[in-house]
Amino acid sequence: MTTSIREVHTYCHICEPGCGLLATVQDEKVIKLQPDREHPIHQGYSCHKGVHYLSVHQDPDRLDRPLRRRNPRSEAVGDFEPVSWDVAMAEMAARLNEIQQRHGPDALAFYQGNPSSMVGSYYANAGALMRPFRTRMHFNPGSQDCASKFAGSEAIFGSMTLHPIPDLLHADYFLCLGSNPLVSHMSLIHVSDPMEKIRAIRRRGGKTVFVNPRRIESSTPETGEVLLIRPDTDVYFLAGVLHEIAFHLGFDRAAAEGRGSHLDELLEVVRAWPIERVAGVTGLAVDEIRQVAREFHAAPRAAIYMSTGVNQGSQGALAYLLLHAISLLTGNLGRRGGNIYSKGLAVTTGKTRRREGDPFFDTPFGNIRTVGGSWPGSLFPDIAQRPEAPIKALLVVSGNPLLSMGGGERLRKAIEGLELVIVLDLYRSATAEMADYVLPATDWLEREDVNTLGAMGVQLEPFAQYTPAVVPPKGERRDDWWILARLAQAMGRPSLLDKGERAHLLYVEQLLAEGGLSIEQLKAMPCQTARLPVADPEILYERAIQNEDRRMDCFPAIYRRSLPSLEAQFERLSKEAPGQLKLIQRRTNMMINSWMHNLPALKQGLHQDNPLWMHPQDAQARGLFEGDAVRISSSEGAIEARLSLDDTLRPGAVAMTHGWGQQGAPALRVAQRFAGVNSNALSPTGPGSFDPVSTQCLMNGIPVEVRAAA
Ligand SMILES: Nc1nc2c(c(=O)[nH]1)N[C@H]1C(S)=C(S)[C@@H](COP(=O)(O)OP(=O)(O)OC[C@H]3O[C@@H](n4cnc5c(=O)[nH]c(N)nc54)[C@H](O)[C@@H]3O)O[C@H]1N2
Ligand SMILES: Nc1nc2c(c(=O)[nH]1)N[C@H]1C(S)=C(S)[C@@H](COP(=O)(O)OP(=O)(O)OC[C@H]3O[C@@H](n4cnc5c(=O)[nH]c(N)nc54)[C@H](O)[C@@H]3O)O[C@H]1N2
Ligand code: SF4
Ligand SMILES: [Mo]
């Protein structure tokens, strides 16, 4: 018997770095996945999750055929039967058409989850794929993740997708708030092996400072120290730093005004927040904050960055404005070693240019807005159940809203109350368990793709990579784009498929062409990868910023809405009872959001559940011990978890990891055995549960009480 063995260069689609991987294929089966040493950018770097994706690919619990529910959705566990694609399509289309005729197009809601945003050939077509469904009810993890940045950039730079990244390759000083690069590899910046880049800053005589309520794993003698900030107070920290720079250390006003408008309006706001005033609520010493301001100001090239730890607080959008203002006033915005727009294939910020006019409109839940057309996830139960225009059907693509959005019981009831739920996934996830139809998607070893996300200007070292389908899809799995396009067709609507079976690559080719490339050219390159030219940082002002005057808007009008809560929150924090616990979010390196939970290799030792981490001092004050079962309650709900003592936390901050609570996914045998608990049952829902400026849902700094479970 002869066997054939071949190697295929591909890349990981789990998180943003997109690490190069080498797949070994024997007899049309992938038998090995390893870091790709030949990759021009990653050079053999990947984390263990990328390599473990082979177990996702081989997982016997994966979906292989479309499934149709037989029992009522009120029953927690689905009773599913296989059904052909043709029958599923015809039935879903008929029901969707009927629901939209009866209740209007907005009776259908979309939830497009995080993994699809890593798929270039899906994401490039996301708008075209959703348009035929004619609904305006779009939800996605943005409002749990980085809506503060999207709304912020739209106002500040005139484009939702312009996010000047810290130039880690050349910075002498790096200020990193609310991120744990060692564990999560950062977000809205694509960087290979971020820890090595941060260590190199120190090696060349520079400095990194982390701002975090936890002494995170990323902080080592080779990287830098952590300033242990009180949860959800970064906006005051940043205001204090900016105040010090603007009013004490000094800045080049002519240069700043050449590149920023409305500077005086901003300074008027910042004037009220000297370090002496903000230090108390941040829990940091005046001198600690002052030192950051001085060092940032003095550094030849200083870069600044924030991630989910700040985004998910109550004032992430304002924090994002202050962050860029610090960069601007110190001359670091659009400068090598500061914060840069790293043009990849093309400057694409014009495609998400801000629309004219006031984004806010009246609803039964107040005067609110959407961001990029998406609603705040924590308002889903309220919107779904509004009597005058209820949501009746939900279409979920690569998402697990039941676990990833705020709200426990309220959210479950809202989804349960729908007439039709359709889920496209690799797995019968907790959300899929509530569905009428569960549709099997291909994984990224089974589909061809190009990492066009590089066109977002956030790749530290820009590159474009093509991957073929390493092996053909197993069973009846189909690509997500195809499933949506086929469903639109079945509903009698225009469809991407009208342009042919490879229509999803047309727009990808267009993007590549803007960078002088094509799929055919990439195919001929080593690792099918092109290193892209590094753009002059001036491109930020020359081409990327979409404001008419090509300057940063230092105080866009919508930010007026932030000011009352800035004062009110400060008052609240100043008066807070000393023992008040605040829940913060953190990730671990053994899981990725709510998925990859079904891999035995990732459920070892301490990683078999998601505990509540608490500082020993806080535990002692409550008579609690390591391993105790504790009850955690917030204004939204209560859950029980195991207590784990963690002296890396700032006292007063307690932490949990989201994405657990897999009891509701019995088809995932490993995940269910190590189910953990859904920490989002504690995240608030309803009006007031999100930052009105950005729709960012509040997930960090949630007041909680903790006591021994009964
Ligand atoms: N292993 C792993 N990697 C991942 C993911 C995963 O689930 N697992 N998810 C991926 C996704 S979708 C994303 S968006 C990225 C996110 O990447 P990151 O944003 O870097 O995510 P985290 O590692 O959760 O880091 C958030 C940090 O914020 C800190 N924090 C909490 N509250 C506050 C606060 O009030 N102020 C400050 N300054 N800090 C605070 C937490 O202690 C934590 O260290 O990670 C991606 N990579
Ligand atoms: N409390 C709290 N909640 C959070 C966060 C937090 O820090 N704290 N973080 C938030 C963040 S940053 C994010 S990004 C969201 C993530 O929220 P979601 O995107 O809703 O959830 P994921 O856990 O990423 O689940 C993605 C689903 O997609 C499936 N999947 C994976 N690959 C594919 C594919 O190729 N095709 C299809 N069809 N399905 C696929 C997986 O099996 C999984 O069921 O969670 C948010 N929720
Ligand atoms: S860092 Fe992210 S992209 Fe790279 S291998 Fe790990 S999970 Fe995959
Ligand atoms: Mo995310």
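Scroll up a little and you will see the structure.
Bear in mind that the values here come from a model prediction, so they are computed numbers and not experimental data. (Residues numbered from 1 in each chain as written. Chains lettered and ligands numbered in written order. Predicted model: local features only at pLDDT ≥ 70, side-chain atom pairs only at ≥ 80, totals over all residues. Heavy atoms only, no water.)

*Asks:* Just give me the short version of the nonpolar core, but keep the residues and values in it.
*Replies:* A general tendency of soluble globular proteins is for nonpolar side chains to be buried together. Ranked by internal contacts, the top residues of the largest apolar core, which has 71 residues, are Leu 175 and Phe 237. Among the elements that take part in this core, helix H15 (residues 316-329) stands out by supplying 11 residues, more than any other. Other than its neighbours up to four places away in sequence, Leu 175 contacts Val 209, Val 211, Phe 237, Val 292, Phe 296, Ala 303, Ile 304 and Tyr 305. By size, the runner-up hydrophobic cluster in this structure holds 60 residues, among which are Leu 21, Tyr 111, Tyr 427 and Val 470. (Core = buried A, V, L, I, M, F, W, Y, C linked by side-chain atoms within 4.5 Å. Buried < 20%, exposed > 50% of the residue type's maximum accessible area, 1.4 Å probe, protein only. Helix = DSSP H or I, 4+ residues; strand = E, 2+ residues; numbered from the N terminus. Contact = heavy atoms within 4.5 Å.)

*Asks:* Summarise helix H19 (residues 480-490); cite the residues concerned and give the values.
*Replies:* In terms of residue burial, H19 counts as a mostly covered element, since 8 of its 11 residues are buried. Looking one or two places after H19, you find Gly 492, whose phi comes out positive at around 80 degrees.

*Asks:* Report on the site of ligand 2, specifying residues and quantitative values.
*Replies:* Residues in contact with ligand 2 amount to 29 residues; listed here are only the nearest, Tyr 111, Asn 114, Ser 404, Asp 425 and Ser 594. Taking Asn 114, its main chain carries an N or O atom lying 2.6 Å from an oxygen atom of ligand 2. One of the side-chain nitrogen or oxygen atoms of Arg 447 is found 2.9 Å away from an oxygen atom of ligand 2. Taken by itself ligand 2 offers 920 Å² of open surface, and the protein chains cover 98% of this. Looking at the shell around ligand 2, the elements with two or more residues in it are helix H5 (142-145) and strand E18 (420-425). Tallied by class, residues from the shell around ligand 2 come to 9 nonpolar, 15 polar and 5 charged. (Near = heavy atom within 4 Å. Polar contact = N/O pair within 3.5 Å; in protein donor to acceptor, adjacent residues only side chain to side chain. Areas by Shrake-Rupley, 256 points an atom, 1.4 Å probe, with all protein chains shown as cover. Nonpolar A, V, L, I, M, F, W, Y, C, P; charged D, E, K, R; others polar.)

*Asks:* Go over the sheet that holds strand E20 (residues 449-450), please, and point to the residues and values.
*Replies:* Backbone-to-backbone hydrogen bonds pair the strands of a sheet. The strands run either parallel or antiparallel. Across the sheet, 3 strands lie side by side as E20-E21-E22; this open sheet has antiparallel pairing. Of all strands in the sheet, those bounded by a partner on one side alone are E20 and strand E22 (529-531). (Pairing = 2+ DSSP bridges.)

*Asks:* Before we move on, could you go through the sheet that holds strand E11 (residues 224-228) and cite the residues and values that matter?
*Replies:* Spatial ordering of the open sheet is given by E11-E10-E9-E13, a layout of 4 strands whose pairing is parallel. Edge positions in the sheet fall to E11 and strand E13 (302-306), since each has one partner strand and no second. With strand direction ignored, the average angle separating the axes of adjacent strands in the sheet is 15 degrees. (Axes fitted to C-alpha atoms, helices over the stretch in contact; angles between N-to-C directions.)

*Asks:* Tell me about the packing of aromatic side chains, residues and numbers included.
*Replies:* In the structure shown here, the tally under the stated rule is 11 aromatic pairs. When the centroid spacing of 5.1 Å and the interplanar angle of 75 degrees are considered together, the rings of Phe 139 and Phe 380 count as edge-to-face. Of this pair, Phe 139 sits in strand E7 (residues 137-139) while Phe 380 sits in helix H16 (residues 380-384), and the two are 241 residues apart along the sequence. For the pair shown, Phe 139 and Phe 380 are each scored as buried. With a centroid separation of 5.4 Å and 50 degrees between ring planes, the pair formed by Tyr 236 and Trp 273 is classed as tilted. A residue pair is termed long-range when its members are at least 10 positions apart, and Tyr 236 in helix H9 (residues 234-249) and Trp 273 in the loop between helix H11 (263-270) and helix H12 (275-282) qualify at 37 residues. With a relative accessible area of 0%, Tyr 236 lands in the buried category. Aromatic rings pair up to connect Tyr 53, Trp 444 and Trp 595 into one cluster. Sitting over the face of the ring of Tyr 541, Arg 259 holds its NZ or CZ atom 3.8 Å from the ring centroid. (Phe/Tyr/Trp six-rings, centres within 6.5 Å; stacked < 30°, edge-to-face > 60°. Lys NZ or Arg CZ within 6 Å of the ring centre and 35° of its normal.)

*Asks:* Which residues make up the site of ligand 1, and what are the values?
*Replies:* Neighbouring residues of ligand 1: 32 residues in total, closest Ser 184, Asp 234, Ser 307, Thr 308 and Met 591. In the environment of ligand 1, a nitrogen atom lies 2.9 Å from a nitrogen or oxygen atom belonging to the side chain of Arg 587. At 3.0 Å, a backbone N or O of Thr 588 approaches a nitrogen atom of ligand 1. Burial of ligand 1 by the surrounding chains reaches 98%, relative to a free accessible area of 920 Å². Sorting the residues of the shell around ligand 1 by element identifies helix H7 (181-184), strand E10 (207-212), helix H14 (308-311) and strand E24 (581-585) as the ones contributing at least two each. Examining the composition of the shell around ligand 1, we find that 3 residues originate from one element, H14, more than from any other. Residue composition of the shell around ligand 1, grouped by class: 10 nonpolar, 15 polar and 7 charged.

*Asks:* Any details on the side chain of Arg 477? Residues and values, ideally.
*Replies:* With respect to the helices and strands, the residue Arg 477 is situated in the loop between strand E21 (463-467) and H19. In this structure Arg 477 comes out as buried when scored by relative accessible area, which is 2%. A polar side-chain atom of Arg 477 sits 3.1 Å from the main-chain carbonyl oxygen of Leu 63. One polar contact links Arg 477 to Asp 64, side chain to side chain, over a distance of 2.7 Å. Excluding anything up to four places from it in sequence, Arg 477 contacts His 57, Arg 62, Leu 63, Asp 64, Pro 440, Ala 441, Thr 442, Asp 443 and Glu 446.

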